[in-house]
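An overview of the molecular structure
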Amino acid sequence: MGFLDPVKGFGVTFGMMFKKVATEKYPEVKKVTAPRYHGRHQLNRHPDGLEKCVGCELCAWACPADAIFVEGGNNTDEERYSPGERYGADYQINYLRCIGCGLCIEACPTRSLTMTNEYELANDNRQVLIFTKEDLLAPLLPGMEAPPHPMRLGETEQDYYVNGPELAKRAQEEAK
Amino acid sequence: MTVAPEKNELVVPEGHVKLVIDGIEVVAPKGELLIRTAERMGITIPRFCDHPLLDPAGACRQCLVEVEMGGRPMPKPQASCTITVADGMVVKTQVTSPVADKAQQGVMELLLINHPLDCPICDKGGECPLQNQALAHGRTDSRFVDRKRTFAKPIPISTQVLLDRERCVLCQRCTRFSAQIAGDPFIELLERGAQQQIGIAEEKPFQSYFSGNTIQICPVGALTSAAYRFRSRPFDLVSTPGVCEHCSSGCAERTDWRRGKVMRKLAANDPEVNEEWICDKGRFAFRYTGAADRVLRPMVRDKATGELKQASWTEALQVAAEALTKARGSAGVLTGGRLTLEDAYAYSKFARVALGTNDIDFRARPHSREEQEFLASTVVGTTPETGVTFTGIEAAPTVLCVAFEPEEEAPIVFLRLRKAARKGRTKVFHIGQWTSPAVEKTFGTLLATPPGGEAAAVDALSSHAPDVTEGLGKPGSVILVGERAAQVPGLFSALLRLSEQTGARIAWIPRRAGERGAVEVGALPTLLPGGRLVADAAARAEVEQAWGLEPGSLPDVPGRDTNGIIEAAANGELRALVVGGVDPYDLPDPQLALKALRTADFVLSLELRHSAVTEFADVVLPIAPSVEKAGTFLNWEGRRREFGTTLDGTGALPDCRVLDTLAVEMDADLFTQTPTAAAGDLARLGTTSTARAAAPTVESRQQSLPQSDGQALLATWRQLLDNGSLQEEEPHLAGTARRVVARLSEHTAEVLGVDKAETVRVSTDRGSVTVPFEYADLPDGVVWLPGNSGDVRVRRELGALHGSPVNVHPGGTE
Ligand code: SF4
Ligand code: SF4
Ligand code: SF4
Ligand code: FES
């Protein structure tokens, strides 16, 4: 046993001081994910605030973990949530089940369902991990109006799908 | 010795032909459609318009195949759903023929040109023949780039059926169903060419009791129901086979449910009973089980406050058992007509064993002693093997409907009648009051009588209408009689005489699903289970032995019928009443019934929902609706219609279980803990050879028309869609009910002075109803009212029966 042996170990410690630190300062500093990270879902809106979800359940059908529950509803002229006849009346994603695979957002025919980069999906209460429509709906941006309200961007849902963004832009310019 | 060549020559039986399909030799009965022969071989040819129960139309051209006759190929592919098999035919389907395959792909491409891309929002998505066949037999890409033909999105054909014309492939299944099967052309093909579309038939009210079937057979999502619209997808539904709980036809159904809630009901295929159809009541009326007033917990009336309050099962059963034990021998049991066989059996046994009485009756409607005798002598014990059946009706040369409105009371019987009559084999006669839609649609002949005069009319048949008696004399003819007959004295006796004279068999077709079964298990004052007579010591001994009772312990005096029980309770002779699902307003005298409930010391109500009985009940015990329990209905044929539990684990208990536990509290054993146990206990009784009841012999009476001014005779029966409590919570269904009108002849209207008015006011000393009226071919001096539709609740408002005299005045005047 050499006489330097007792301090030899400190060499490793000392050496580490000059290496890059792997520890994250989470939650003080939040990590920025890759742009296509599969985080919490979001139900998007049309530019006037109407919901894009048509309640078709294709996302629920595609989900391999059976994490999604959808029930459709009937839009009426008095109470309209989405352009067209049908909207998602009840929408739930169970984050206790979701494996973040993203098959649901591929199935969505209206691009209503997308995923955000939000990854803080832990809780000590199972109940709150079942996200409902209120939790999942995209926030109202300027120019958007909370449904129910009539179609502002055209006569039929066709107008929304074909010229939606364009019409919205024009409406915004006119407002200016 | 020569050896026979080892070749399997197909033998062609008489009336069959031999042909080749896709290189396989096959024998088929003459006249069979090619598409069906192929299907039997397991070769599925794509199709839209073809339906085995509808006449071939050849409308969609999806089923094209190559056909060769006598070695010469036909110039173009042929529609296999319209062409019948022939000897020596050589057929190539899409499986072996590129020509047929290309033709089918071409047709599919044309169909898809104008079909919208609605699948995500379409109710049919996931179970759509067009989706499936487009995947199997269509091109992967569309070459069509122009604008699709568009129509305004769904137009309501009725409050229940919505039509999306963009999705329609013009297969004409719906129009053919309406015209051929239901006979209500409420939906028709309009316009021609590219603008051809399905629409509402002109000049006809848009209502049919069978409209839901068009939704089920539409091969695309063009027809959808307002009630099921957007509720779920086929993949989140669990399908359970079931039996309809509404009428006595006993239709096979498929119940689709999701997360403990029934989403829809569909017709199941049962060729012996409902074929592939059900009526709209059976299809759409199921949400009553989720009504807000459903009784979910037992309730006991608080002695101090007089209010009903929730209680535990233990407490409620104890209170009930104590009161009923005290009233033993002085309690009556009313069971209503909607119980399963097992539940009715439990009531029957409960009355005899626990209450020691024969005062039990299932008839929550006008009834008579004569009817009781008829049921005991002629109806009990009949089975499909021994009695009249649906197929028997279809094969009958002559059918006589007496006091029976098939379309309103047993719609599937009506469909069979129409099917038989439409083929021209069966002649249908109706003894009734006016040419109702059912008479017209069964191509029937009406023999009109004043209400109450049916019995005399039956007696006079051989002299006045010899063609009817002659027709009934042909083997296989049948007489169908409905619940209304109980209101016509002498009618059952007259029919039995007619049956004897002509040889035609009689079938009793009650309106409610549980009535036939209740007869079988002895929920009647004179009958024990299996048609055994209460008055017969040998029969009693049989039952005592099977039930493990002391000899002589069964009560031996025939009990009171519903009227008797009500009367006895009203004047204090009976101290307790056990009421299972009876609406007092269905009874012949609702006022007396309410008085009986009020007077009785103790009323036990076994109910699904709060009812008029709840108000008077001392103990209310909740019971399970038919989707939440297993059981058996006996349909009018006497056919067992067994069904399992659809919604499991709701905690709701069937009547038989509740009664069993109650009986245990009263120191009696019923052995009906579960429907299976009850069925087993009933089966142990077996059949009997003890004496049967004697047939009724009641003189028929000539009905005389009222003489005094402003009076008429009331004819009345209930309509299929009305105020019935099982149809509540169904606004879309209610919208398809028939208009609530009174009917009378023009002459009567003139005599009564109502011809200038818009409404009539029909009254008795009990009350009055005011309704719009229509002219119909009623006998003079007769007015017809629906039994329980809208504001016209004949029993409740008028306290009148079929054949009672009523006052008729122009609406609004006294
Ligand atoms: S990400 Fe995958 S597991 Fe999660 S809800 Fe979507 S399909 Fe289901
Ligand atoms: S999110 Fe998309 S896929 Fe899911 S129900 Fe709504 S529209 Fe359909
Ligand atoms: S509505 Fe349906 S059933 Fe009727 S013709 Fe069109 S596709 Fe056929
Ligand atoms: S199925 Fe043969 S033409 Fe439609």
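Conventions we followed
Numbering of residues starts from 1 in each chain and follows the order in which that chain's sequence is written. Here every chain gets a letter starting at A, and every ligand a number starting at 1, in the order they are written. Side-chain atom pairs in this predicted model are given and counted only at pLDDT of 80 or more, local residue features only at pLDDT of at least 70, and totals for whole chains, interfaces and linings cover all residues. We call a residue near a molecule or strand when the C-beta position, derived from backbone atoms, sits within 6 Å of it. Think of it as three bins: nonpolar holds Ala, Val, Leu, Ile, Met, Phe, Trp, Tyr, Cys and Pro, charged holds Asp, Glu, Lys and Arg, and polar takes everything else, Gly as well. A pair of strands counts as paired when DSSP detects no fewer than two bridges linking them. Only DSSP runs of H or I reaching four residues or more are called helices, and only runs of E reaching two or more are called strands; each is numbered from the N terminus. Every axis corresponds to a line fitted to the C-alpha atoms, with the helix fit spanning only the stretch in contact, and the corresponding angles, defined between N-to-C directions, vary from 0 to 180 degrees. UniProt positions are given in the numbering used here, feature names are shortened, and annotations may be inferred rather than shown by experiment. Two residues qualify as being in contact provided that their C-beta atoms, derived from the backbone, are within 7 Å of each other. For the exposure call, what matters is how many other C-beta atoms sit within 10 Å of a residue's own: 20 or more marks it buried, 12 or fewer exposed, and in between partly exposed, using C-beta atoms placed from the backbone. Under the definition applied here, buried Ala, Val, Leu, Ile, Met, Phe, Trp, Tyr and Cys residues are grouped into a nonpolar core through C-beta atoms within 7 Å. Where each domain begins and ends is defined by an automated method or by a domain database.

Moving on, we come to the site of ligand 3. By nearness alone, 13 residues border ligand 3, and Cys168(B), Cys171(B), Cys174(B), Cys218(B) and Ala222(B) come closest of all. Here the residues of the shell around ligand 3 sort into eleven nonpolar, one polar and one charged.

Right, let's talk about the sheet that holds strand E31 (residues 759-763) of chain B for a bit. Residues and elements named next belong to chain B. Strands sit in the order E29-E33-E30-E32-E31-E36 around a closed barrel of six strands; the barrel is mixed. For this sheet the average axis-to-axis angle between neighbouring strands, irrespective of direction, equals 45°. Here strand E29 (residues 711-717) pairs with strand E36 (residues 805-810) via three bridges, running antiparallel. Across the sheet, the residue bridging to Gln711 is Asn807, located in E36.

With that out of the way, let us pick up the UniProt feature "domain: 4Fe-4S His(Cys)3-ligated-type" (unreviewed entry) in chain B. In the numbering adopted here, UniProt assigns the feature "domain: 4Fe-4S His(Cys)3-ligated-type" (unreviewed entry) to residues 99-138 of chain B. Across residues 99-138 of chain B one finds 60% helix and 0% strand; the C-alpha atoms that close the span lie 14 Å apart.

Turning our attention to the interface of chain B and chain A. Chain B puts nine residues into the contact, and the matching count from chain A is 14 residues. Residue composition of the side of chain B that touches chain A, grouped by class: four nonpolar, one polar and four charged.

Here the bond from Tyr26(A) into Pro27(A) is cis, since omega is 0°, no more than 30 degrees from zero. Of note, Pro27(A) is situated in the loop between helix H1 (5-16) and strand E1 (41-43). In this model, Pro147(A) is joined to Pro148(A) through a cis peptide bond whose omega is 5°. With respect to the secondary-structure elements, Pro148(A) resides in the loop between helix H4 (133-136) and helix H5 (157-175). Notably, Leu170(B) is not glycine yet its phi reads approximately 55°, a positive angle.

As a further point, take the site of ligand 2. Around ligand 2, the surrounding shell holds 15 residues, and the nearest of these are Cys53(A), Cys56(A), Cys59(A), Cys108(A) and Leu113(A). Bordering ligand 2 are residues originating from chains A and B. Residue composition of the shell around ligand 2, by class: ten nonpolar, four polar and one charged.

What follows covers the sheet that holds strand E8 (residues 161-163) of chain B. Residues and elements named next belong to chain B. Spatial ordering of the open sheet is given by E7-E8-E11, a layout of three strands whose pairing is antiparallel. Whereas interior strands pair on both sides, the edge strands pair on one side only; in this sheet they are strand E7 (155-156) and strand E11 (223-225). Across two bridges, E7 lies against E8 in antiparallel orientation. The residue of E8 that forms the bridge with Ile155 is Leu163.

Residues and elements named next belong to chain A. Under the feature "binding site: [4Fe-4S] cluster 1" (unreviewed entry), the UniProt entry names Cys53, Cys56, Cys59 and Cys108. These annotated residues cover 56 residues of sequence, and their C-alpha atoms lie no more than 10.4 Å from one another, placing them together at a single site. Relative to the helices and strands, Cys59 resides in helix H2 (residues 58-62). The class for Cys59 is buried, based on 25 C-beta atoms found within 10 Å. In contact with Cys59, other than residues within four places in its own chain, are Ile68, Val70, Cys104, Ala107, Cys108 and Leu113.

Attention shifts here to the nonpolar core. Residue and element names in this part refer to chain B. Core analysis: the largest hydrophobic core is formed by 215 residues, its most contacted members being Val402, Leu495 and Leu577. If you tally residues by element for this core, the top one is helix H8 (residues 341-354), at nine residues. When sequence neighbours within four positions are dropped, the list of residues in contact with Leu495 reads Val402, Val458, Ile479, Val481 and Ile506. If you look at the next biggest cluster of nonpolar residues, it comprises 26 residues, including Leu713, Leu752, Val771 and Val806.

Residue and element names in this part refer to chain B. Two elements in contact, helix H9 (residues 369-379) and helix H17 (residues 491-502), have axes whose closest approach is 8 Å; the angle formed by their N-to-C orientations is 35°. Two secondary-structure elements touch here, H9 through Glu370, Glu371, Phe374 and Thr378 and H17 through Phe492, Ser493 and Leu496. The residue inventory of the contact of H9 with H17, partitioned by class, reads three nonpolar, two polar and two charged.

Residues and elements named next belong to chain A. Per the UniProt record, "binding site: [4Fe-4S] cluster 2" (unreviewed entry) is found at Cys63, Cys98, Cys101 and Cys104. These residues run over 42 residues, yet every pair of their C-alpha atoms falls within 10.3 Å of each other. Mapped onto the elements, Cys98 comes out in the loop between strand E3 (86-94) and helix H3 (103-107). Residues within four places of Cys98 in sequence aside, it is in contact with Ala65, Ala67 and Ile93. Looking at where Cys101 falls in the secondary structure, it is placed in the loop between E3 and H3.

Residue and element names in this part refer to chain B. Alignment of strand E1 (residues 16-21) against strand E2 (residues 24-29), held across six bridges, turns out to be antiparallel. Paired with Ile21 across the bridge in E2 is Ile24. With antiparallel pairing between neighbouring strands as the criterion, E1 and E2 make up a hairpin whose turn holds two residues, including Asp22 at a positive phi of roughly 50°.

Time to look at helix H4 (residues 173-182) of chain B. Residue and element names in this part refer to chain B. Along H4, eight of the ten residues are buried, which leaves the element largely enclosed by surrounding structure. Turning to H4, its buried residues number three or more, namely Arg173, Cys174, Thr175, Arg176, Phe177, Ser178, Ile181 and Ala182. Considering only its buried residues, H4 is in contact with strand E9 (187-190), strand E10 (197-200), helix H5 (211-217), E11 and helix H12 (411-422). Backbone geometry just downstream of H4 places Gly183 in the positive-phi region, at approximately 75°.

Take the domain arrangement of chain B next. Residue and element names in this part refer to chain B. As assigned here, chain B comprises domain 1 (20-110), domain 2 (146-290), domain 3 (310-362 + 516-685), domain 4 (370-511) and domain 5 (711-810). Relative to domain 5, the C-alpha centre of domain 4 lies at a distance of 24 Å. Taken residue by residue, the interface counts 16 residues in domain 4 and 18 residues in domain 5. Taken together, the residues of the side of domain 4 that touches domain 5 sort by class into six nonpolar, five polar and five charged.

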